[in-house]
Amino acid sequence: MAGEVTLTTVNNIMKEVYQGRIQDQLQNEIVGIKRIEKTSNGVTSEVGGKYVTFPVRVKRNPSIGYRNEMEQLQTPGYQGYASVRVGLKYGYGRVRISGQTMELAKTNYQAFANAMDYEVNGLKSDIAKDVNRIFYGDGTGTIATSTALGSATTTFQTAANTGAQYVDTSLVVDIVTPATGAVKATAVTISAVNKSTGVVTLGSAQTWASGDVLVRTGNGRLSSVNREPNGLASIIAATGALFNIDPATEATWAAVVNANGGTPRALSEGLMIKLTDDVRVNGGNTSLILTSLGVRRAYFNLLTQQRRYTDTKEFAGGIRGLAFNNGREIPVVEDVDAPANKAWFVDESTLTVYRSTDWSWLDTDGNVWKWLTDYDAFQAVLHSYWELGVNRRNGNGLLADITEG
């Protein structure tokens with residue numbers, strides 16, 4: 001193949017081979033979004049510009065009553081609606097190869113293909129892992145939260161066992177005050193992580209306050225606007241505005257949350273039944289319970305103690321998990337990236353992935369690989385414009401503060 005491969009050929013390979021494979025990989029590796037894409041709402045790309053808008057009913061018509069003969073009828077009423085506006089978030093992943101590697105496409109195509117596999121497949125895997133983190137997040141970009149102030153130190157203390165769940169030494173982070181978006185430090189490397197103690201060792205001494213967070217560099221809030229898509233932490237919440245509606249003014253725009261003030265308590269079927277019942281009262285229909293590995297173990301132990309059948313089984317959508325029975329079987333599915341001490345009770349039909357484009361190569365000029373100005377190198381950019389939205393927030397629930405098994 002020497003002498004026949006050109007940059008045009010390489011661009012075509014990128015589009016035809018690697019683009020399709022990233023879609024498969026993302027869908028197969030992310031439990032939550034994989035399930036949502038198989039529901040009746042599924043995924044929509046009919047977004048039309050920067051926003052998706054749709055109405056939600058928040059109040060019933062109050063004009064219902066009974067009167068005596070010839071008595072004046074009640075004042076006519078109407079349904080109460082609010083308009084939800086979902087803004088898309090813009091995600092990118094960049095990969096770079098040297099000019100020398102690109103030259104291999106002409107002289108040693110197999111070596112070039114191997115180099116491309118390492119870089120492109122590595123980027124796809126990294127994006128998949130990051131999307132899974134975002135799925136459980138709150139849109140602020142938070143990777144870890146400090147539990148103590150730090151003054152000119154490299155020791156960033158987070159909660160033991162759980163606080164450093166999403167941290168690894170490949171990250172480059174900013175230290176940000178989440179409420180304001182104020183950046184305390186930028187482009188900080190991570191030199192070590194101790195998951196059990198929650199200590200994240202920074203590559204350089206920095207200063208921050210308790211409650212400040214680590215985010216991927218540039219991913220923090222811009223004033224009050226989040227750069228990352230919303231996840232379950234902001235969608236399945238009883239307080240806080242979501243999109244442009246606040247449950248403080250529209251009470252029905254609040255999810256069901258059963259917490260214990262931060263103090264872990266033993267998991268019980270009573271707690272689980274109560275939460276599904278509360279969701280049902282709101283008109284929701286729990287179709288999936290997502291948990292961390294530790295909460296899944298706690299549920300398994302609960303069933304074992306009660307001498308219940310605990311074999312896993314396969315549910316619709318190819319998901320395997322333990323069954324929770326509250327008049328019907330609901331899959332309890334663990335996800336390695338789910339946050340600790342929580343179980344998310346999801347009505348999947350209420351969630352939709354809105355996007356104008358799936359993850360694909362940025363090639364508006366017809367080329368995937370672009371020369372990197374002033375360097376003997378080329379770069380390719382993957383991009384997706386998307387957001388996780390919900391049309392019935394109160395049809396979902398969160399059981400928090402669970403002691404893990």
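Everything discussed here concerns the structure shown above.
Residues numbered from 1 in each chain as written. Predicted model: local features only at pLDDT ≥ 70, side-chain atom pairs only at ≥ 80, totals over all residues. Heavy atoms only, no water.

Enquirer: Got a minute to help me understand the overall build of the protein chain in this structure?
Expert: The helix and strand inventory of the protein chain stands at seven helices and 20 strands. When the 405 residues of the protein chain are sorted by exposure, 47% land in the buried category. Put simply, of all contacts in the protein chain between residues at least 6 apart along the chain, 75% involve residues at least 24 apart. For the protein chain, the exposed surface amounts to about 19,900 Å²; the carbon and sulfur share of it is 49%. (Helix = DSSP H or I, 4+ residues; strand = E, 2+ residues; numbered from the N terminus. Buried < 20%, exposed > 50% of the residue type's maximum accessible area, 1.4 Å probe, protein only. Contact = heavy atoms within 4.5 Å. Areas by Shrake-Rupley, 256 points an atom, 1.4 Å probe, with all protein chains shown as cover.)

Enquirer: Just to check I follow, could you spell out the environment of Met102 for this structure?
Expert: Looking at the secondary structure, you find Met102 in helix 3 (residues 99-107). Along the backbone, Met102 and Ala377 are 275 residues apart, and their C-alpha atoms lie at a distance of 8.1 Å.

Enquirer: Can you help me understand the sheet that holds strand 8 (residues 182-194) in this one?
Expert: Adjacent strands of a sheet form backbone hydrogen bonds with each other and so pair up, either parallel or antiparallel. Ordered by their spatial adjacency, six strands build an open sheet running 5-10-7-8-9-6, and the pairing between neighbours is antiparallel. Here the strands that pair on one side only, and so sit at the sheet edges, are strand 5 (142-145) and strand 6 (150-157). With strand direction ignored, the average angle separating the axes of adjacent strands in the sheet is 35°. The pairing of strand 8 with strand 9 (residues 199-208) spans four bridges and is classified as antiparallel. By the bridge assignment for strand 9, Ile190 is matched with Leu202. (Pairing = 2+ DSSP bridges. Axes fitted to C-alpha atoms, helices over the stretch in contact; angles between N-to-C directions.)

Enquirer: Just to check I follow, could you spell out helix 3 for this structure?
Expert: For the α-helix, the turn length of 3.6 residues means that residues three or four positions removed from each other point alike. All buried positions along helix 3 are accounted for by Gly99, Thr101, Met102 and Ala105. Down the axis, helix 3 shows its buried residues gathered within 170° of arc, on one side only. What points out from helix 3, more than 90 degrees from its buried face, is the exposed set Gln100 and Thr107. (Arc of directions from axis to C-beta.)

Enquirer: How should the packing of aromatic side chains be read in this particular structure?
Expert: When we look at a pair of aromatic rings, we describe it by the centre distance and by the angle of the planes. Using the criterion set out here, one finds four aromatic pairs in the structure. Geometrically, the ring pair formed by Tyr90 and Tyr385 is edge-to-face, given 5.0 Å between the ring centres and 75° between the ring planes. Here Tyr90 is found in strand 4 (residues 89-98), whereas its partner Tyr385 is found in strand 19 (residues 377-390), with 295 residues between them in sequence. Using a relative accessible area of 42% as the deciding quantity, one classes Tyr90 as partly exposed. Since its relative accessible area comes to 23%, Tyr385 is described here as partly exposed. (Phe/Tyr/Trp six-rings, centres within 6.5 Å; stacked < 30°, edge-to-face > 60°.)

Enquirer: Looking at this structure, I do not really get helix 6 (residues 269-281). What am I missing?
Expert: Relative to the 18 Å expected for 13 residues at 1.5 Å per residue, helix 6 spans 18 Å between its end C-alpha atoms, a close match to the ideal helical length. Within helix 6 the residues assigned to the buried category are Glu269, Leu271, Met272, Leu275, Thr276 and Val279. Looking down the long axis of helix 6, one finds its buried residues gathered within 165° of arc, a one-sided arrangement. More than 90 degrees from the buried face of helix 6, the exposed residues found are Arg280 and Val281. Trailing helix 6 by a residue or two, Gly283 shows a phi angle of about 100°, which is positive. (Expected span 1.5 Å × (residues − 1).)

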